[in-house]
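Report on the structure
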2 protein chains.
Amino acid sequence: MKNTLLTILAIFTLAVSTNKAQEAIWNNKENSTPEINPDNSVTFRLFAPNAKEVKLSGPWMPSVGWTPGTVNMIKDEKGFWTYKSPALNSDLYYYSFYVDGMKCADPKNMYQYKDGDNISNMFIIGGGNGDFYKVNQVPHGSVTRRWYDSPGNGMSRRISIYTPAGYETSVEKYPVLYLLHGMGGDEEAWISLGNAIQILDNLIAQGKAKPMIVVMPNGNVSQEAALGQSSIGLMQPGPRFPHTMDGKMEETFTEIVHFMDANYRTIPKKSSRAIAGLSMGGFHSLHISRYYPNTFDYIGLFSPAIMPDPRMDSKVYANFDGSLKQQLENGYKLYWIGIGNTDFLYKGVKDYRSKLDSIKMPYIYRETDGGHTWSNWRAYLSEFVPLIFK
Amino acid sequence: MKNTLLTILAIFTLAVSTNKAQEAIWNNKENSTPEINPDNSVTFRLFAPNAKEVKLSGPWMPSVGWTPGTVNMIKDEKGFWTYKSPALNSDLYYYSFYVDGMKCADPKNMYQYKDGDNISNMFIIGGGNGDFYKVNQVPHGSVTRRWYDSPGNGMSRRISIYTPAGYETSVEKYPVLYLLHGMGGDEEAWISLGNAIQILDNLIAQGKAKPMIVVMPNGNVSQEAALGQSSIGLMQPGPRFPHTMDGKMEETFTEIVHFMDANYRTIPKKSSRAIAGLSMGGFHSLHISRYYPNTFDYIGLFSPAIMPDPRMDSKVYANFDGSLKQQLENGYKLYWIGIGNTDFLYKGVKDYRSKLDSIKMPYIYRETDGGHTWSNWRAYLSEFVPLIFK
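Residues numbered from 1 in each chain as written. Chains lettered and ligands numbered in written order. Predicted model: local features only at pLDDT ≥ 70, side-chain atom pairs only at ≥ 80, totals over all residues. Heavy atoms only, no water.

1. Things to note about the pattern of salt bridges
Counted according to the given criterion, the structure contains 24 salt bridges over all chains. The closest approach of N and O atoms between A:Arg158 and A:Glu188, which form a salt bridge, is 2.9 Å. Of the two residues, A:Arg158 sits in strand β12 (residues 155-163) while A:Glu188 sits in the loop between β13 (176-180) and α3 (189-192), which places them 30 residues apart along the sequence. One exposure class covers both A:Arg158 and A:Glu188, and it is buried. Its salt-bridge partner being B:Asp351, residue B:Lys347 comes within 2.7 Å of it at the nearest N-O pair. Highlighted residues: B:Lys347 and B:Asp351, both in helix α9 (residues 346-358), separated by four residues, approximately one helical turn. According to the relative accessible area criterion, B:Asp351 is partly exposed, its value standing at 40%. By sharing partners, the salt bridges in this structure join A:Arg145, A:Arg158, A:Glu187 and A:Glu188 into a single network. (Salt bridge = Lys/Arg side-chain N within 4 Å of Asp/Glu carboxyl O. Helix = DSSP H or I, 4+ residues; strand = E, 2+ residues; numbered from the N terminus. Buried < 20%, exposed > 50% of the residue type's maximum accessible area, 1.4 Å probe, protein only.)

The following block contains the structure:
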């Protein structure tokens, strides 16, 4: 009878691999990739005997402007192309192969890093920050994709909600972090690219962060949901969405806060509300927190896209300085700004800090290496979350 | 001030595309792919000027055994490779390019179809079944990934739960469908490959199905969660898991039913419980429903992996015939079996039907074209769900 089972197992296994030749080399140690070596260097291998040139791209290579750096891989006599990276810091990394100029996914690594239509493969190096980004054996929160009514945007919209371990079976009320994505992102971005669920689970389990609800809305208010999850169907990303950074997100944000307070056991008070976001989400967090200047005690601006002079045709931006001063007068517990020293938004942040300094508005400033990257945003979230609701 | 915005927009847009040359052809109509033509034929295009040979594979091509069929694409003078399919039925389709023998994702289609480590691109042809698989503007249920304690398996385990639109704001109790995946699948499979959420949302909105809770557990009981979502880290799929089809899933299934009845507004009665699954999940559904012979009124076996003689060292399989008769005596409302006429499991199902006939155990039998495919399982779910809880 075991034979029947084994036959079925064998058939299923075969079905997964579409190519016998590939199958034959599958179990070859030589073929495992990416291989993290004991010194945290990483060996990449690709079997492409017909290729004339194979390059590898990864964020540890110096980029030229917006063009990521690449290295040439070296071919051996069997048709394997190989490259060994320098020792890397603990983090989550992505990489891509370019085979004769064409970007190709790693056929030996099922783990992908999908940033809009830009799809790479990924791996994690532990022993530091990377450990926060892993699923560990700790109590796990729940993650729900739910839809809320947005009369202000004339549609039902998808929203991602993290409730901490124990939420469902307790009667406690919880503070809420509103966590916003950047341009090109959606209600999935902090989960799939930012590892927010793992960061929260791990920090809460270690006692470093308070149990909290985390709400991840879609900041493109003309969208019902992430691409592929809405009624527009399987559209490819095209021109940017209408109503992006025009005040509509800020105007309709109260709908989200009301939805959360009406439907979850939140503590519906300023002292139990935080708002943070990256890039465009940092812009949103800045403006939402001052437009509703007595609503959030904790504000996190991660590489925020600060515009000195946003569109004045929205009432949201009409009284920038006045509402900022109001926010200052009303008081808050934390105004946290983080940016990388090579970020293209660095100067905007520098100018904004001068503005804050000039009105004596206190803030914590965190400058890191690097640019406008998820590596920085994951690290900022890991630093920010332990500071809130204390 | 709009200029500032536009500059930032432009920079973000550039950041997404890593290659100026690709960018230049992006907006070319010639370059859109896959293009669904008015007659439901589909045109595929790939820009690969350096390639010597490009093939395309899709499920509408006759396969040779387990090896999917391929066709050669034709290169034009600009470096585009093209293929036009015959007119296709309304369904969800996947496809892959093979560039000089290497499987490559379509760089112009961000929508993927990820079956274990086998990653293809996808598209949907509407006008029939395909419309059930799309997100439409209908009330949407919520989908939660949550963890439950499984003392029987000695771990906390991840489970996917669909609650229908209105669940959170009503006081009603709901019937529950337990929906099981096949070998190689996990608690994500019915969501990502089976489009179960869209099928349920659409059928409920059209009044064709009763609002119900759908529970999608992980049937590999040695796993905490899907690969990449558990504490074993970013493991590549390797040898199959222990405790697969050895009785452990069936033995510990009561934990899941108890968890649901304790934590959700279920109707905790046989008449409001259904269990269905595909392939290995059909095997599980068969055995769970007879091992607990007075628990489910609705049973769905989709291309079930029926083994005439499962492992007798588990008490679950020790009294196969006896418990089946007990299930018959206790009564049930629907025993539904579906299979494709070219499915490699066809004979097992035929033999099982003879067994059922011999004990006069009533069932509905649905034979379709095709084999052991998600195309069939999505269709079976769409047929099965309207029949239950009526």
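Still to come is the rest of the account.
2. Topic: the relation of the copies chain A and chain B
Note on the identical chains: chain A maps onto chain B by a rotation of 180 degrees and an axial translation of 0.0 Å, with an RMSD of 0.0 Å. The symmetry that links the two subunits is that of a two-fold axis. Within chain A, the C-alpha atom positioned nearest to the axis of rotation is that of A:Thr144, 2.0 Å from it. When you check the interface residues of chain A against chain B, 100% turn up at the interface there too, and the contact is symmetric in its surfaces. (Least-squares fit on C-alpha atoms with pLDDT ≥ 70 in both. Contact = heavy atoms within 4.5 Å.)

3. Here's the deal with the packing of helix α8 (residues 320-330) of chain A against helix α9 (residues 346-358) of chain A
All names here are of chain A. Where α8 meets α9, the closest approach of the two axes is 11 Å, and the angle between their N-to-C directions is 60 degrees. As judged from the angle between their axes, α8 and α9 are oblique. Like other packed secondary-structure pairs, α8 and α9 cross with a definite hand, here right-handed. Here Phe320, Asp321 and Leu324 of α8 lie close against α9, whose contacting residues are Tyr352, Lys355 and Leu356. (Axes fitted to C-alpha atoms, helices over the stretch in contact; angles between N-to-C directions. Parallel < 35°, antiparallel > 145°, perpendicular 65-115°, else oblique. Left-handed = near helix turned anticlockwise from the far one by under 90°.)

4. Points about a positive patch on the surface
A cluster of like positive charges, contributed by A:Lys52, A:Lys75, B:Lys52 and B:Lys75, occupies part of the molecular surface. Here A:Lys75 shows up in strand β5 (residues 74-75). On the basis of relative accessibility, which here comes to 38%, the residue A:Lys75 falls in the partly exposed class. (Patch = residues over 30% accessible without salt bridge, like charges linked within 9 Å, V, L, I, M, F, W, Y side chains within 5 Å. Areas by Shrake-Rupley, 256 points an atom, 1.4 Å probe, with all protein chains shown as cover. Lys, Arg positive; Asp, Glu negative; His and termini not counted. Charge placed at Lys NZ, Arg CZ, Asp CG, Glu CD.)

5. Some remarks on the interface of chain A and chain B
Chain A puts 79 residues into the contact, and the matching count from chain B is 79 residues. Taken together, the two surfaces of chain A and chain B that pack against each other cover about 7,200 Å², and 64% of this comes from carbon and sulfur. Counting the contacts that link chain A with chain B gives two salt bridges. The partner of A:Glu168 in a salt bridge is B:Arg146, and the shortest N-O contact between them spans 3.4 Å. The interface formed by chain A and chain B includes 21 residue pairs in polar contact (both at pLDDT 80 or more). Top element by residues in the side of chain A that touches chain B is helix α1 (residues 2-16) of chain A. It accounts for ten residues. Considered class by class, the residues forming the side of chain A that touches chain B number 40 nonpolar, 26 polar and 13 charged. (Buried area = accessible area lost by both parts, 1.4 Å probe. Polar contact = N/O pair within 3.5 Å; in protein donor to acceptor, adjacent residues only side chain to side chain. Nonpolar A, V, L, I, M, F, W, Y, C, P; charged D, E, K, R; others polar.)

6. Brief notes about the pairing of strand β13 (residues 176-180) of chain B
Residue and element names in this part refer to chain B. In terms of burial, β13 is a largely internal element, five of the five residues being buried. Side-chain alternation along β13 places Val176, Tyr178 and Leu180 on one buried face and Leu177 and Leu179 on a second face that is also buried. As paired elements, β13 and strand β15 (residues 273-278) share five bridges and run parallel to each other. Bridge pairing links Leu177 to Ala274 in β15. (Pairing = 2+ DSSP bridges.)

7. What to know about the pairing of strand β18 (residues 364-368) of chain A
Pairing analysis gives five bridges linking strand β17 (residues 334-340) of chain A to β18(A), with the strands arranged parallel. Within β18(A), the residue paired with A:Ile339 across the bridge is A:Glu367.

8. Observations concerning the sheet that holds β5(A)
Read from one edge of the open sheet, four strands run β1-β2-β6-β5 (chain A), paired in antiparallel fashion. What marks the edges here is a single partner per strand, and that holds for β1 (35-36) and β5 of chain A.

9. Focus: the sheet that holds strand β1 (residues 35-36) of chain B
Residues and elements named next belong to chain B. Spatial strand order, β1-β2-β6-β5: four strands in an open sheet with antiparallel pairing. Two strands bound the open sheet, and with one partner strand each, they are β1 and β5 (74-75). Bridging between strand β2 (residues 42-47) and strand β6 (residues 80-84) involves five bridges; their strand directions are antiparallel. Considered in β6, the bridge of Phe47 is made with Phe80.

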